[in-house]
Amino acid sequence: MSTTSVNGIGSTTGITFGGLASGLDTQAIIGALLAVEQRPISLLEQRRQDFVNRKNLFGDLEQHLDSLLTAADGLRRSTGFLEFSTAVADETILSATASSSAKAGTYTVNVSSLAKAEVSATTTPYTSGSSPEITGSASSKLTIQVGSESPFDVDLTNELNSLDDIATAINSEEQGVTAEVVKIAEDNYSLVLTGEVGSDKAFTVTGSGTAAVVSLANELNTNEEVEADDAVFTVNGIELTRTSNQVADAITGVTLDLLKEGGGDTTLTVSADTEATADKVQDFVEKYNAVVGFVEAQRALDPETNSPNSPLFGDSTVRTIGSSLRSILGRSASTGNEAYELLSQVGITADTTGTLSFERSVFDEAVKTDDAAVTELFTESATGFAQLIHSQVDDYLDTVDGILVARLEGFDSRIRDTDNQIRQAEERLARTEVQLTERFANLEVLLSQLQSQGAALGGLPSPNG
């Protein structure tokens, strides 16, 4: 593009001019015209920000619902609703822990014998643990078999082997038998093998190769310091045998740790831990109230202007979520006990906005009176409140066709469309600025030329002169 300039005034974009010829403030005129063209862009930007604000609010709602889903999940299963605690009369005999699948009850436990691991040791007084004293050969080895498992070999192919060498070789196999060298007295060391707890973990040792290795194996086999044995105990008079001192299948939902044998009877009490269960209900109430609070905030009006406080004012999705959750908690559940079919009967009540309050003492008393009915109130598959809330919220949050995902994707789409409109409008504005700049520049050039021609004509001699 060619450039023409007069008195510093150009006709192409990028040339600064100030109305030298016309006397007009052309920059101000162009700015005013562009400001008019800018208004649609400003409206689009406001529209975009509104979409962003609404999307962010739906993101907040999604987080509230996700927290409610988690809280409801902790209450919706009958095996996990009630928490239980244990108390043992003589804690030297056993300890116990209970899971949420336990049942309240009292049990008499008597531990006749504890499960034990086999311990075997050599009897030859070896003078050192580290000095090579056991003759080996290319074919020397110890073969160890634990219970009915496949035997494993420990090669002793060195010409001379120390007790430490043999212990290290056994331990490296990691086959359920551990070895250590024990100092019995001065110049008297023994190789000690220890198996795992239970009669099914008893082991045998055989040796081959040299006479020293065979003798070592025979000593380990014949000198059994502790015999592998099972735990024998009674629960309410019924004798039970287990291969471990930790027993998880004698009493439903309870794990016993047997500690001492021959201590006589002791009493184990399993009871509902109402405090722990009430904590889960309290958490559920708080997470539900967070959703209610969010919904109510979107309905609020400014007290001075009587205008909406939120861009989601009147939003049908928010309104639907709030009303559907509220309707669930207003129903009755099938519990088998008419005294505990409503949430209000276990201490959960709602005010006029739907906000819940929780009275622990009422809940605790209900659990003590009929824990099965209270459990059903929350967990019954068709009418339990935690079940219904979980199912409803899970539908809202479905990542494929949930209502929240649809709304969030809708806002993303609108934001993208608005971004495109803003970009196109800004491109049009840039083109308009170029056009206006060129027009006014050309006008200044033309006026300057006319002024020059006028001045030249004014300098010509008069025809009468």
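Quick caveat, the model's predicted, so the values are computed rather than measured.

J.: Sorry, what's going on with the confidence of the model for the chain here?
T.: Close inspection of predicted coordinates is inappropriate for parts of the model with low pLDDT. On average, the chain scores 89 in pLDDT, and the residues at 70 or more come to 92%. Here strand 1 (residues 5-6) stands out as the least confident element of the chain, with mean pLDDT 38; strand 15 (residues 231-235) is the most confident, with 98. This stretch, residues 1-16, has a pLDDT under 50; its non-local contacts, to residues over four places away or in other chains, come to 32 contacts.

J.: Is there a simple way to explain the side chain of R407 in this structure?
T.: Tracing the backbone through its elements, the reader meets R407 in helix 9 (residues 403-458). Among the polar contacts listed, one links the side chain of R407 to the side chain of T317, at a separation of 2.7 Å.

J.: Looking at this structure, how should I read the pairing of strand 5 (residues 105-113)?
T.: Side-chain direction in a regular strand flips from residue to residue, so the side chains alternate between the two faces of the sheet. Note that strand 5 and strand 19 (residues 265-272) share six bridges and pair antiparallel. Directly across from T108, in strand 19, lies its bridge partner T267. Relative to strand 15, strand 5 is paired through four bridges, and the arrangement is antiparallel. Looking at the pairing, V111 lines up with F233 of strand 15.

J.: Is there a simple way to think about the packing of helix 5 (residues 274-299) against helix 6 (residues 316-329) in this case?
T.: Axes are the key here: two packed helices are described by the angle between their axes and the distance separating the axes. For the pair helix 5 and helix 6, the least separation of the axes is 10 Å and the interaxial angle reads 140°. Regarding the angle of helix 5 to helix 6, the classification is oblique. Along this stretch, helix 5 crosses helix 6, giving a crossing that reads as left-handed. Of the residues in helix 6, those touching helix 5 at Y288, V291, V295 and Q298 are V318, G322, L325, R326 and L329. Here the contact of helix 5 with helix 6 is composed, by residue class, of six nonpolar, two polar and one charged.

Rules used in this analysis
- Residues numbered from 1 in each chain as written.
- Predicted model: local features only at pLDDT ≥ 70, side-chain atom pairs only at ≥ 80, totals over all residues.
- Heavy atoms only, no water.
- pLDDT = per-residue confidence, 0-100.
- Helix = DSSP H or I, 4+ residues; strand = E, 2+ residues; numbered from the N terminus.
- Contact = heavy atoms within 4.5 Å.
- Polar contact = N/O pair within 3.5 Å; in protein donor to acceptor, adjacent residues only side chain to side chain.
- Pairing = 2+ DSSP bridges.
- Axes fitted to C-alpha atoms, helices over the stretch in contact; angles between N-to-C directions.
- Parallel < 35°, antiparallel > 145°, perpendicular 65-115°, else oblique.
- Left-handed = near helix turned anticlockwise from the far one by under 90°.
- Nonpolar A, V, L, I, M, F, W, Y, C, P; charged D, E, K, R; others polar.

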